[in-house]
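The lines below spell out each chain.
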Amino acid sequence: MRIMLLPSLGVLLLALTSIVRAETNSAHQQDYLAALEKVIHAESRIAQEMKRVQLGSVAHYDFLQYEHIELVRHARALAFPPAEVSAETRDAIKTQAEQLLTSANDLEWVIADFLRALAQLRSASSNTLDILIPLKSGASPALIGKIEALETAMLLFTVSGYAEEWEVLSAALDAVHEAANVQQRRELAVQQQLLRDNAPVLTVQRQKLVDSDVDRLALQLQLLYAQGQ
């Protein structure tokens, strides 16, 4: 009885090992496909968070930074495909994944420049409104009208995400600038220059995100993985 039992146990252990290995490979494959899906759509998610931050829909940058961290994390994982992938395909996937990770990391600079410009715009907008407070004191009705026009223009510029109404705002700033004293003119000129310089940066950095090859490389990696199955 014992002699017959030992081979039976050995067969059972082999069967269990095969089942565990198959389940592990299946789980790895699901995780790998999920990571590919995440990376393929990462640019659009980052773009959406950029838009929300720019429009003031969220008061912090946490979600934007989180999306980039997730992109890098999943891109790094894509260098390690499931075991059933052939050695040749595995090498090709690793090379492609390394390029993808480099592009994903490079988006950190795009996001950083975007956020830096946004911080400058928010600061300059707030500082401009602060400068107007003492300027109103004892001002003539005509000057008060110009100041209120500037306040309205600044509000429209802000709610547009610093993307529109610049010409109106610039004209309103020039009108108040002429009526201010030397110190106020100097302060307004500094803020106006910050607004003028940084507003286009938001568009430039969002376009750099669109031009990034993260999505293209991810799609190529998806096709490479599919061919290696």
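Just so we're clear, the structure is a prediction, and the values are computed from it rather than from any experiment.

Rules of the game
- Residues numbered from 1 in each chain as written.
- Predicted model: local features only at pLDDT ≥ 70, side-chain atom pairs only at ≥ 80, totals over all residues.
- Heavy atoms only, no water.
- Phe/Tyr/Trp six-rings, centres within 6.5 Å; stacked < 30°, edge-to-face > 60°.
- Buried < 20%, exposed > 50% of the residue type's maximum accessible area, 1.4 Å probe, protein only.
- Helix = DSSP H or I, 4+ residues; strand = E, 2+ residues; numbered from the N terminus.
- Salt bridge = Lys/Arg side-chain N within 4 Å of Asp/Glu carboxyl O.
- Patch = residues over 30% accessible without salt bridge, like charges linked within 9 Å, V, L, I, M, F, W, Y side chains within 5 Å.
- Areas by Shrake-Rupley, 256 points an atom, 1.4 Å probe, with all protein chains shown as cover.
- Expected span 1.5 Å × (residues − 1).
- Axes fitted to C-alpha atoms, helices over the stretch in contact; angles between N-to-C directions.
- Parallel < 35°, antiparallel > 145°, perpendicular 65-115°, else oblique.
- Left-handed = near helix turned anticlockwise from the far one by under 90°.
- Contact = heavy atoms within 4.5 Å.
- Nonpolar A, V, L, I, M, F, W, Y, C, P; charged D, E, K, R; others polar.

**Q** Just give me the short version of the packing of aromatic side chains, but keep the residues and values in it.
**A** All chains considered together, the criterion is met by three aromatic pairs. Seen from their ring centres, F157 and Y162 are 5.4 Å apart, and the 80° between their planes marks the pair as edge-to-face. According to the relative accessible area criterion, F157 is buried, its value standing at 1%. Ring pairs connect the aromatic residues F157, Y162 and W166, which therefore count as one cluster.

**Q** Account for the environment of T203, with residues named and values stated.
**A** Mapped onto the elements of the fold, T203 is located in helix α7 (residues 182-211). In sequence terms T203 and A163 are 40 residues apart; their C-alpha atoms lie 7.9 Å from each other.

**Q** Could you give me a rundown of the pattern of salt bridges, with the residues and numbers involved?
**A** Counted by the stated rule, this structure contains six salt bridges. Linking K136 and E151 is a salt bridge whose minimum nitrogen-to-oxygen distance equals 3.2 Å. Linking K136 in helix α4 (residues 87-136) with E151 in helix α5 (residues 141-159), this pair joins segments that are 15 residues apart in sequence. The partner of D213 in a salt bridge is R216, with the nearest N and O atoms 3.4 Å apart.

**Q** Tell me about a nonpolar patch on the surface, and please be specific about residues and values.
**A** A cluster of nonpolar side chains, contributed by L155, L156 and V159, occupies part of the molecular surface with about 270 Å² of accessible area. Counting through the fold element by element, L155 comes out in helix α5. You can call L155 exposed: its relative accessible area is 53%.

**Q** Got a sec to walk through helix α2 (residues 42-55)? Specific residues and values, please.
**A** For α2, built from 14 residues, the straight-helix expectation of 20 Å at 1.5 Å per residue is met to within 8% by its first-to-last C-alpha distance of 20 Å. Looking one or two residues beyond α2, the residue adopting positive phi is G56, at roughly 80°.

**Q** Describe the packing of helix α3 (residues 62-77) against α4, and please don't skip the residues or the numbers.
**A** Put simply, α3 and α4 touch, their axes get as near as 9 Å, and they point 170° apart. Between α3 and α4, the angle falls in the class roughly antiparallel. Where α3 crosses over α4, the handedness of that crossing is left-handed. Taking contact as the criterion, the partners of L64, Q65, H68, L71, V72, A75 and R76 in α3 are, on α4, A97, L100, L101, A104, N105, L107, E108, I111, F114 and L115. For the contact of α3 with α4, the class distribution of residues is twelve nonpolar, three polar and two charged.

**Q** Outline the packing of α4 against α5, supporting the account with residue identities and numerical values.
**A** Remark: α4 packs on α5, axes separated minimally by 11 Å, with the N-to-C direction vectors making an angle of 165°. Classed by the angle they form, the pair α4 and α5 counts as roughly antiparallel. Viewed along their axes, α4 and α5 form a crossing whose handedness is left-handed. Each of S125, T128, L129, L132, L135 and K136 in α4 lies in contact with α5, whose residues at this interface are L143, I144, I147, E148, L150, E151, M154 and T158. By residue class, the composition of the contact of α4 with α5 is eight nonpolar, three polar and three charged.

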